[in-house]
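Breakdown of the fold
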Amino acid sequence: MMIDNEVSFTSLCYITVDYEGRIWLNRLADVEDDILHTPFKSERTDNYFENRDRLYRNDGPTALGTVGVWEWTAIPNRDNPAIDYVQSYYVKGYSPVRVVVLMAKSLDEVVEQLQNGTARTQAYFCDTLFCYEPKWGQFAGVLCRANEFNILDRCAKLSETVYSLPSYTISSGDIYNWDDRNLRFLKTLQVGEPSGYVSIGNTDEVIRTLILERTTWPLFKECIGATKAEWKHCKLLLEKICGESLYDAIVQKLNCTLDQAKQTVDDFVNRADALIKVGDIDVNVLAEIAKNHDELRELCEKAVSVEWHDSHAAEIAKAEAVVSRMEETISIAKKQHSELLAEIATKQGELDRLLAEIEQYESIGKETLVAVRQKIANAQKDMAGFIADMSVFLPQSNATLPYGNPPASWQYISTSGQYSDEDIELAESWCNEYDAIYQNLSCALGIEPDFCSMLTAFLYATHINNVPTLIAGPGGQDIAEVLSVSMYATGAGQLTLGDECDLSIVERISEADDSIVSVQNMFGKGWTDALPQKFTRLKKQIIWAHPYVEDMLIEPKGLYNYMLPVLSECFIGSLPALETWPSKRAEKFQPYVSEEKQSLRISAFKRLGLSKLLLGQLTRVLSDAKCILENPAKDKDLELLFGVLPLCVLTGRLDVLKDVIEGESGISSSVKAEVSRYVEEE
């Protein structure tokens, strides 16, 4: 609603937090007569007043992802009337219902996913209709209030205190914002009466639990006046009685139907009060006499005991035989247990001895490596001296060499401005950017679709987190070129390092316009000692490229604190036909927003002894790559291809890699086949 210079709306919003920690309300829809509508926007060119997509939050909830309804107004700012001053007020009376369509075939399967905590959904918090699609355009589901479920690792799990859920049937026409599967909502804020209710869990177990909870010790003592031990026995009796269906037992005993059994129980209950009150006067008198006459009571107890033992002699003998066999079995088990403990102690001693030998061999190996390196260095010095000595006897040239500068220690080429505006496609959001990278990688380097989607997600995650990358193997410079053309419509800057270290290159790179820089010949003299640390401070993505994987085996493990390695030979199917399609970000580009960081699922990472810095960078990048790919079945494939594989190969831990291939579940056969090349025995 617009009144002079003031605008006023009621809008459906969800909470986000920017990088400075400020809370914003993202405007999804406007509310009119309890119905959601597309937000009203005028033809103004700015994003103020009625054209706002984000609102300042003045009150209401603060948790990230919370969905709700706010009334808000925007008036001209006193200092600058061209911009607005916004105030928002949370409306408690509205409960918007989010719609989540699950991969299920029945309503029971929907409930089962909620109970097991496997219902996939993004972390948005409000009343939610979890449903499935029995036929096209029709949906059936159960409504969960916001306090009836939790979301952990992008999966919703129903609270254990929920025993019944209302069910609803809707059509696609009832849903607002269908194109965004994470933020679909019922158009109406008044959901109406449900079509039915779905029981959650075992109702018999619920009733049984309620009965036992009400059988308390104070109540038992007040009504019966017995001891606490007798109360425990009585409660145990109730548990056994409640654990078996009375109706089922009557059906078997009387050979009748279930309905007849229920009617029989009802008739008995109606007569039970009268039967108990009337009683049998003779029996009551005899019982009182026996209870108050000690000798008579002892005589009766003895007679009953003898009679019972005589009538159950066979059963007693059988039970004693069972007890005897069990005692014999226990004796044998104890003996076997003692033997196993002795064998374990022996094996533990052998293990300790082997570990000591391994430690000794590792120490010898390190000493040998130091000695070999020293011999190589000495040999290099001897060779240099030999060449210097021999130069006296070699023929000398009398030609005068032209004067010039010594060879350059580095060369940098910037490749900006390669494409015209007509050829450049504009990306409206990060999804368009991802598609452009995928298309160019697939066409230019011949990468298979499954592997291309994973490589694209990983590279895009390293870019948005500004984490340097080492591409070992073919096509490293070409991959950097594809990334730059796909996101910035220009080629990557190309840095070639010479034989002498010159750190002035850092200032030159920082001044260049290129957002992505590829580095070749990284192992020239002295470069790797300082340059990786210097480059981590730049606001650019650095892609180190080296064409041979085998060369990396002699490099220090600490190098990977500054760059995440990728083995390009697992992906590239053909050397480049660099026909790439340029793309760059539109003016109102929607960037990717990182979600909650996910933990690594492959346990073998713990065996690699990774530093906190490397492990933190790898976890953050892989977490974003998984969210970008949106395919949980590929989570372990990503961890193996971009974490376990390169780190095991480049640090010589093929034993760990082999254990992962043989023992880890959840890895696709195509990825296992590719990784197995590195551990095949000759």
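The text that follows walks through the structure, step by step, so that each part is easy to find.

**Brief notes about the overall build of the protein**
Along its length, the protein carries 18 helices and 25 strands. A buried classification covers 37% of the 682 residues belonging to the protein. Of the contacts formed within the protein by residues at least 6 apart in sequence, a portion of 71% connects residues at least 24 apart. On the protein, roughly 41,800 Å² of surface is accessible, and the fraction owed to carbon and sulfur atoms is 53%.

**Concerning the packing of aromatic side chains**
Applying the stated criterion to the full structure yields 12 aromatic pairs. Here the aromatic rings of F451 and F571 are separated by 6.1 Å at their centres, their planes lie at 70°, and the arrangement is edge-to-face. Here the residue F451 occupies a position in helix α11 (residues 449-464), and F571 occupies one in the loop between β24 (564-567) and β25 (583-590), the gap between them amounting to 120 residues. A residue is classified by how much of its surface remains accessible, and F451, at 6% relative accessible area, is buried. The class for F571 is buried, based on a relative accessible area of 6%. Measuring from ring centre to ring centre gives 4.3 Å for F458 and F642, while their planes differ by 10°; the resulting arrangement is stacked.

**Some details on the side chain of S583**
Of note, S583 is situated in strand β25. Given a relative accessible area of 5%, S583 falls into the buried group. Beyond its immediate stretch of four places on either side in the chain, S583 contacts I424, E425, A427, A436, V485, S486, M487, Y488 and A489.

**Quick notes on unusual backbone geometry**
Positive phi, normally seen in glycine, also occurs at D34, with a value near 65°. Relative to the elements of secondary structure, D34 occurs in the loop between β3 (23-32) and β4 (35-37).

**Quick word on the sheet that holds β24**
Pairing within the open sheet is mixed, and its 6 strands lie in the order β18-β21-β22-β23-β20-β24. If you trace the sheet from one side to the other, it starts and ends with β18 (410-413) and β24, each paired once. Across the sheet, the mean angle from the axis of one strand to that of its neighbour is 20°, orientation sign disregarded. In this sheet, strand β23 (residues 541-546) lies alongside strand β20 (residues 469-472) in parallel orientation, the contact comprising 4 bridges. Its bridge partner lying in β23, I471 is registered against A545.

**A short note on the pattern of salt bridges**
Taken as a whole and assessed by the stated rule, the structure comprises 20 salt bridges. Across the pair K41 and D53 runs a salt bridge, and its minimum N-O distance is 2.7 Å. With a gap of 12 residues between them, K41 in the loop between β4 and β5 (54-56) and D53 in the loop between β4 and β5 connect regions that are remote in the sequence. In this structure K41 comes out as partly exposed when scored by relative accessible area, which is 37%. Among the ionic pairs, K626 bridges to E639, the shortest N-O distance being 2.6 Å. In this pair, K626 sits in helix α15 (residues 612-629) while E639 sits in helix α16 (residues 635-651), placing the two residues 13 residues apart along the sequence.

**Remarks on the environment of R44**
Structurally, the position occupied by R44 is in the loop between β4 and β5. What makes R44 partly exposed here is its relative accessible area of 34%. In this structure, R44 is in contact with F49, E50, N51 and A82, ignoring residues within four places of it in sequence.

**Observations concerning the sheet that holds strand β10 (residues 127-135)**
Pairing between sheet strands relies on hydrogen bonds along the backbone, with the strands arranged either parallel or antiparallel. One open sheet holds the 7 strands; their spatial order is β15-β16-β8-β10-β11-β14-β17, and the pairing between them is mixed. Of all strands in the sheet, those bounded by a partner on one side alone are β15 (175-176) and β17 (196-199). Along the sheet face, helix α1 (residues 107-116) touches β10, β11 (138-144), β14 (164-171) and β17 and points at about 35° away from the line of β11.

**Quick look at the pairing of β17**
Here β17 shows a buried face lined by G196 and V198 and an unburied face lined by Y197 and S199. Here β14 runs beside β17; their pairing, made up of 4 bridges, is antiparallel. Its bridge partner being in β17, S164 is matched across the sheet by S199.

Conventions used here
Residues numbered from 1 in each chain as written. Predicted model: local features only at pLDDT ≥ 70, side-chain atom pairs only at ≥ 80, totals over all residues. Heavy atoms only, no water. Helix = DSSP H or I, 4+ residues; strand = E, 2+ residues; numbered from the N terminus. Buried < 20%, exposed > 50% of the residue type's maximum accessible area, 1.4 Å probe, protein only. Contact = heavy atoms within 4.5 Å. Areas by Shrake-Rupley, 256 points an atom, 1.4 Å probe, with all protein chains shown as cover. Phe/Tyr/Trp six-rings, centres within 6.5 Å; stacked < 30°, edge-to-face > 60°. Pairing = 2+ DSSP bridges. Axes fitted to C-alpha atoms, helices over the stretch in contact; angles between N-to-C directions. Salt bridge = Lys/Arg side-chain N within 4 Å of Asp/Glu carboxyl O.

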